[in-house]
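# Working through the structure, step by step
Here is what each chain is made of, one letter per residue.
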Amino acid sequence: MLIQCGALPLTLAIIYVMASFRFPVDYLTVAVVQGLLAAALTWKLALAAWWRAIQLLFPLAVLSALALNLPSWLFGAVFLLLLGWYWSTFRTQVPYYPSGPAVWDAVRQLLPTDRAPRVIDIGSGLGGLTLYLARVRPDAEAAGIELAPLPWLVSWLRARLGGSRARFLRGDYESLDFSQFDMVFAYLSPAAMSGLWRKAAAEMCPGSMLVSYEFVIEERTPDSIIRATQSEIPLYIWYF
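Since the model is a prediction, treat every value here as computed from it, not as a measurement. (Residues numbered from 1 in each chain as written. Predicted model: local features only at pLDDT ≥ 70, side-chain atom pairs only at ≥ 80, totals over all residues. Heavy atoms only, no water.)

## Some remarks on the overall build of the protein
Of the regular secondary structure elements, the protein holds nine helices and seven strands. Principal-axis analysis of the C-alpha atoms gives the protein an extent of 80 × 40 × 35 Å. Out of the 240 residues in the protein, the part that is buried amounts to 39%. Pairs at least 24 apart in sequence give 62% of the contacts found in the protein among residues at least 6 apart. (Helix = DSSP H or I, 4+ residues; strand = E, 2+ residues; numbered from the N terminus. Buried < 20%, exposed > 50% of the residue type's maximum accessible area, 1.4 Å probe, protein only. Contact = heavy atoms within 4.5 Å.)

Below, the structure is given as structure tokens:
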């Protein structure tokens with residue numbers, strides 16, 4: 001919203017100049033100019049590419065909503081839904097990134113077979129990985145932790161309704177003690193990786209492993225890299 005507000009004065013200036021030269025100006029023109037300027041400002045601030053798309057389309061979405069004459073309560077309902085889904089993404093900079101079955105099976109193959117492993121998925125989302133590991137390795141202690149309340153609720157209900165042994169905690173993984181686990185799996189974002197490494201290096205025990213899908217830790221070279229999917233997105237592994 002601050003970026004949109006920052007782009008607004010320049011939008012008004014451009015529209016004034018266009019009108020002075022008798023170019024046709026309507027609300028659609030204003031929305032397009034505003035979106036382009038906001039996207040350019042987002043690029044200048046070096047935010048993620050998906051933020052550029054959001055800023056570009058936001059004025060057009062507002063214009064479309066006004067044209068549809070939607071009821072006001074709908075906006076409140078959508079806001080609450082998004083709040084429950086993303087929660088504190090603005091602070092953690094970790095949006096919802098789902099992994100898939102190919103990644104889950106690659107993680108399964110990394111688990112030790114000589115003992116019952118303890119596994120935690122930090123930022124577990126809808127719980128797919130944790131539920132899978134609890135099913136294919138019934139001896140494992142599979143758990144997930146999720147900060148956003150709505151994904152956590154969905155994963156918790158999936159476990160209860162499906163009779164799964166998987167456990168789902170709601171909270172910040174910073175509150176966990178990583179020494180309790182043989183494997184910590186993370187699918188977070190580049191912004192979170194340095195902090196994750198500091199915590200893992202301080203708490204993880206000898207013989208345990210940290211596994212990150214897609215995002216690498218710059219502070220230490222991975223001990224192993226697996227490309228588990230057709231898109232060849234890496235699965236990075238660090239052993240302790």
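Moving on from the model shown.
## A word on the UniProt feature "domain: Methyltransferase" (unreviewed entry) in the protein
Taking the UniProt record as the reference, the feature "domain: Methyltransferase" (unreviewed entry) is found at residues 119-201. Helix and strand shares over residues 119-201 are 39% and 22% respectively, and the end C-alpha atoms of the span are 17 Å apart. (UniProt positions renumbered as here; feature names shortened; annotations may be inferred.)

## Some points on the pairing of strand β5 (residues 209-213)
Among the five residues of β5, five are classified as buried, and the element is accordingly described as predominantly covered. Neither face of β5 is open: one carries M209, V211 and Y213, the other L210 and S212, and all of them are buried. Two strands pair when backbone bridges link them, and strand β4 (residues 183-186) and β5 are joined in this way by four bridges, in the parallel orientation. The partner of M183 across the bridge, within β5, is M209. As judged from the five bridges shared by β5 and strand β7 (residues 234-239), these two strands associate in the antiparallel manner. Directly across from L210, in β7, lies its bridge partner W238. (Pairing = 2+ DSSP bridges.)

## Focus: helix α1 (residues 2-20)
Here α1 is 19 residues long and its end C-alpha atoms lie 28 Å apart, about the 27 Å a rise of 1.5 Å per residue gives. Of all the bends in α1, the greatest, near 30 degrees, is centred on L8, and the proline P9 appears no more than four residues after it. When α1 is considered as a whole, its buried residues turn out to be I3, Q4, A7, T11 and I15. Buried residues belonging to α1 abut α2 (27-44) and α3 (49-68). Once α1 finishes, R22 follows within two positions and takes phi at roughly 60 degrees, a positive value. (Expected span 1.5 Å × (residues − 1). Bend = angle between axes of the 7 residues up to and from the residue.)

## Topic: the pattern of salt bridges
For the structure shown, the criterion picks out seven salt bridges. Of the charged contacts in the structure, one is a salt bridge between R115 and D114, with a shortest N-O distance of 3.4 Å. Classification of R115 as partly exposed rests on a relative accessible area of 35%. Close ionic contact of R220 with D223 constitutes a salt bridge, the shortest N to O distance being 2.7 Å. Residue classification places D223 among the partly exposed residues on the basis of a relative accessible area of 39%. (Salt bridge = Lys/Arg side-chain N within 4 Å of Asp/Glu carboxyl O.)

## Some words on a nonpolar patch on the surface
A cluster of nonpolar side chains, Y16, V17, F21, F23 and V25, forms an exposed patch at the surface whose accessible area comes to about 560 Å². Its place among the elements puts F21 in the loop between α1 and α2. (Patch = residues over 30% accessible without salt bridge, like charges linked within 9 Å, V, L, I, M, F, W, Y side chains within 5 Å. Areas by Shrake-Rupley, 256 points an atom, 1.4 Å probe, with all protein chains shown as cover.)

## Some remarks on the environment of L81
Considering the arrangement of structural elements, one finds L81 in helix α4 (residues 72-86). A C-alpha to C-alpha distance of 35 Å links L81 and P117, two positions 36 residues apart in sequence.

## Observations concerning the UniProt feature "transmembrane region" (unreviewed entry) in the protein
UniProt's entry tags residues 29-50 and 57-87 with the feature "transmembrane region" (unreviewed entry), counted in the numbering of this structure. Strand forms 0% of residues 29-50 and helix 82%; the C-alpha atoms that close the span are 23 Å apart. Across residues 57-87, the secondary structure splits into 87% helix and 0% strand, with the terminal C-alpha atoms separated by 22 Å.

## Topic: the packing of aromatic side chains
Tallied over the full model, the rule gives eight aromatic pairs. Relative to Y213, the ring of Y187 has its centre 4.8 Å away and its plane inclined at 70 degrees; by these criteria the two rings are edge-to-face. Separated by 26 residues along the polypeptide, Y187 in the loop between β4 and α9 (193-203) and Y213 in strand β5 bring together distant segments of the chain. Ring geometry for Y236 against W238: centres 6.2 Å apart, planes inclined by 40 degrees, an arrangement best described as tilted. (Phe/Tyr/Trp six-rings, centres within 6.5 Å; stacked < 30°, edge-to-face > 60°.)

## Observations concerning the pairing of β4
The side-chain alternation of β4 yields two buried faces, one formed by M183 and F185 and the other by V184 and A186. As judged from the four bridges shared by strand β1 (residues 118-122) and β4, these two strands associate in the parallel manner. Note on β4: the bridge partner recorded for I120 is V184. The handedness of the β4 to β5 crossover, carried by α9, is right-handed. (Right-handed = clockwise from strand over helix to strand, strands pointing away.)

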